[in-house]
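Here is what each chain is made of, one letter per residue.
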Amino acid sequence: MKAFIIDKYKSKDGGRIGQVPVPEPQADEVLVEVHAAGINLLDSKISNGEFKLILPYKTPFVLGHDVAGIVTKVGARVQQFKVGDEVYARPADHRIGTFAEFIAIKEADLALKPKKLSMEQAASIPLVGLTAWQALIEKGNLKKGQKVFIQAGSGGVGTFAIQLAKYLSATVATTTSAANIELVKGLGADVVIDYKKDDFEKILNGYDLVLNSQDGKTLEKSLRVLKLGGKLISISGPPDPDFAEEIGVPWFVKLIMRLLSSGVRKKAKRLNVGFSFLFMKANGAQLKEITSLINSGTIIPVVDKVFPFELIKEAIAYVESGRAKGKVVVKMK
Ligand SMILES: NC(=O)c1ccc[n+]([C@@H]2O[C@H](COP(=O)([O-])OP(=O)(O)OC[C@H]3O[C@@H](n4cnc5c(N)ncnc54)[C@H](OP(=O)(O)O)[C@@H]3O)[C@@H](O)[C@H]2O)c1
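Quick notes on the rules
Residues numbered from 1 in each chain as written. Predicted model: local features only at pLDDT ≥ 70, side-chain atom pairs only at ≥ 80, totals over all residues. Heavy atoms only, no water. Helix = DSSP H or I, 4+ residues; strand = E, 2+ residues; numbered from the N terminus. Rg over C-alpha atoms; globule rule 2.2 N^0.38 Å. Buried < 20%, exposed > 50% of the residue type's maximum accessible area, 1.4 Å probe, protein only. Contact = heavy atoms within 4.5 Å. Areas by Shrake-Rupley, 256 points an atom, 1.4 Å probe, with all protein chains shown as cover. Lys, Arg positive; Asp, Glu negative; His and termini not counted. Salt bridge = Lys/Arg side-chain N within 4 Å of Asp/Glu carboxyl O. Polar contact = N/O pair within 3.5 Å; in protein donor to acceptor, adjacent residues only side chain to side chain. Near = heavy atom within 4 Å. Nonpolar A, V, L, I, M, F, W, Y, C, P; charged D, E, K, R; others polar. Domains from an automatic or database assignment. 1 Å grid on protein atoms, 1.4 Å probe; cavity = no way out; pocket = protein on both sides within 12 Å on 5 of 7 lines; lining within 4 Å. Points joined across faces, edges and corners; volume = space filled by probe spheres on them. Pairing = 2+ DSSP bridges. Axes fitted to C-alpha atoms, helices over the stretch in contact; angles between N-to-C directions.

**Regarding the overall build of the chain**
Summing up its helical and strand segments, the chain has 11 helices and 16 strands in all. For the chain, the C-alpha radius of gyration of 19 Å lies close to 20 Å, the compact-globule estimate for 333 residues. The dimensions of the chain, computed from C-alpha atoms along their principal axes, are 55 × 45 × 40 Å. Burial status across the chain gives 54% buried among its 333 residues. A separation threshold of at least 6 residues defines the contact pool for the chain, and within that pool the share at least 24 residues apart is 68%. With the model as given, the accessible surface of the chain reaches about 14,800 Å², and the carbon-plus-sulfur share is 53%.

Have a look at this one:
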């Protein structure tokens, strides 16, 4: 089958389309014929070696973390899915490879695709939807009436997180540049700050929660918009000791993570606010809840561009430009 293969970390050509065998699903897996695959910055971060300590993939491997497609085969122990089902997923770490014609995915990581969505729209959802869910609901415990600051509201994570926070009846502040102000307002953002013109730190205060997705300087400033006891959840680093424990890395990696986050942890402690790092995980049960929110019209996908599979490198480069409005998807079928 056709697949987008990484032969070497940090390679200049960034990967190639080649042939690999169709995977055979294990007893707890289904084989999915890929119709569309969403692109994430994580794909670039893995192929350029940035994530090698956390997620060491042995080359050559097939890249890709988001998929929508049709079940073509089921393993002997699979109970919830059958051949012909339209599904979507963010497959688990070490089981990635959605930039291909087929992928085997654990039943536990899969959900039925929202009925209203095209394959391309559905493929845009899993990784960013689960990230927003795990940040705002699981870790952030965001409640009705609370105030949340979601950085980069026009990005993949931001466009989903704004809608999820509004569903939870929170007040949402976000940052974006002038061209995307109407987009984020349309998604429900209450306070919109043009980050090129205004300093969010001078405008926001007393926030219960921050979803941090930008650089270290933005993270530091964001700690100061929180109320006492508020929480900052960062998805752009630095990784903290709890995360190191959770993923069970060797002692020296734990030490590196402790050191990388020691400055921000100290600052948070001084301000009496919480800091934690989140690296999202595959989760079919949460994705099923997201399917319901999409089927009821509570959350809509925001897809910027769809590229044919043959132009996958252009699709990845567009995401790397940092200018995408919502998500970028490649179409396999
Ligand atoms: N830890 C995890 O589990 C996890 C999961 C998902 C994503 N992430 C990380 O989270 C970050 C965001 O991911 P994403 O997929 O949402 O990115 P994305 O879709 O590529 O973000 C692009 C958007 O960011 C906006 N933007 C760029 N610089 C900005 C700034 N300084 N302030 C506010 N907005 C800005 C752009 O708007 P303008 O064009 O208007 O500037 C654009 O719409 C990435 O670092 C990604 O790797 C982590």
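After that view of the structure, there is still more to cover.
**A closer look at the side chain of Asp 109**
Within the element layout of this structure, Asp 109 appears in the loop between strand 7 (102-106) and strand 8 (110-112). For the buried residue Asp 109, which engages in no salt bridge, the nearest side chain bearing the opposite charge is Lys 106, 6.9 Å off. Looking at Asp 109, its side chain comes within polar contact range of the main-chain nitrogen of Ala 92, at 3.5 Å. Ignoring sequence-local partners within four residues, the contact set of Asp 109 consists of Ala 89, Arg 90, Pro 91, Ala 92, Ala 282, Asn 283, Gly 284 and Leu 287.

**Observations regarding the site of the ligand**
Looking at the ligand, there are 23 residues lining it, with Gly 156, Ser 177, Tyr 195, Met 280 and Ala 324 nearest. At a separation of 2.8 Å, a nitrogen atom of the ligand approaches a polar backbone atom of Leu 278. Relative to its unbound accessible surface of 930 Å², the ligand loses 86% to contact with the protein. For the shell around the ligand, the secondary structure elements donating two or more residues are helix 1 (41-47), helix 3 (126-139), helix 4 (156-167) and strand 10 (171-176). Its residues placed into classes, the shell around the ligand shows 10 nonpolar, 11 polar and 2 charged. Viewed by domain, the shell around the ligand spans two of them, domain 1 (2-125 + 301-331) and domain 2 (128-277), each represented by three or more residues.

**A word on empty space enclosed by the protein**
In this structure the tally under the stated criterion is 1 cavity of 30 Å³ or more. By volume, the largest cavity amounts to about 60 Å³. Every residue along the wall of the largest cavity is listed here: Ser 124, Ile 125, Val 128, Gly 156, Thr 159, Phe 160, Gln 163, Ile 300, Pro 301, Val 302 and Lys 327. It is helix 4 that contributes the most residues to the lining of the largest cavity, 4 residues altogether. Taken together, the residues of the lining of the largest cavity sort by class into 6 nonpolar, 4 polar and 1 charged. Domain assignment of the residues forming the lining of the largest cavity places at least three in each of domain 1 (2-125 + 301-331) and domain 2 (128-277).

**A closer look at the sheet that holds strand 1 (residues 2-6)**
Across a sheet, paired strands are connected by hydrogen bonds in the backbone, their directions being either parallel or antiparallel. As summarised here, the arrangement of the 3 strands in space is 2-1-4, forming an open sheet in which the pairing is antiparallel. Of all the strands in the sheet, the pair left with one neighbour each is strand 2 (16-19) and strand 4 (61-62). In this structure, strand 1 lies alongside strand 4, joined through 2 bridges in antiparallel fashion. Bridge assignment links Ile 6 to a residue of strand 4, and that residue is Phe 61.

**A word on the sheet that holds strand 12 (residues 207-212)**
Read across the sheet, 6 strands follow the order 11-10-9-12-13-14 without closing on themselves; strand pairing throughout is parallel. A strand with exactly one partner marks an edge of an open sheet, and here the two such strands are strand 11 (191-194) and strand 14 (274-277). Direction aside, the axes of adjacent strands within the sheet are offset by 15° on average. Judged from the 4 bridges that link them, strand 10 and strand 11 form a sheet pairing that is parallel. Bridge pairing in strand 11 links Ala 173 to Val 191.

**Notes on the pattern of salt bridges**
Enumeration over the complete set of coordinates arrives at 19 salt bridges. As a salt-bridge pair, Glu 220 and Lys 267 come within 3.4 Å of each other at their nearest N and O atoms. Linking Glu 220 in helix 7 (residues 216-223) with Lys 267 in helix 9 (residues 251-271), this pair joins segments that are 47 residues apart in sequence. One salt bridge in this structure joins Glu 245 and Lys 254, with 3.6 Å as the shortest N-O distance. The structure contains a network of salt bridges with shared partners spanning Asp 28, Glu 29, Arg 95 and Lys 106.

Function cannot be inferred from these measures alone, as they are strictly geometric.
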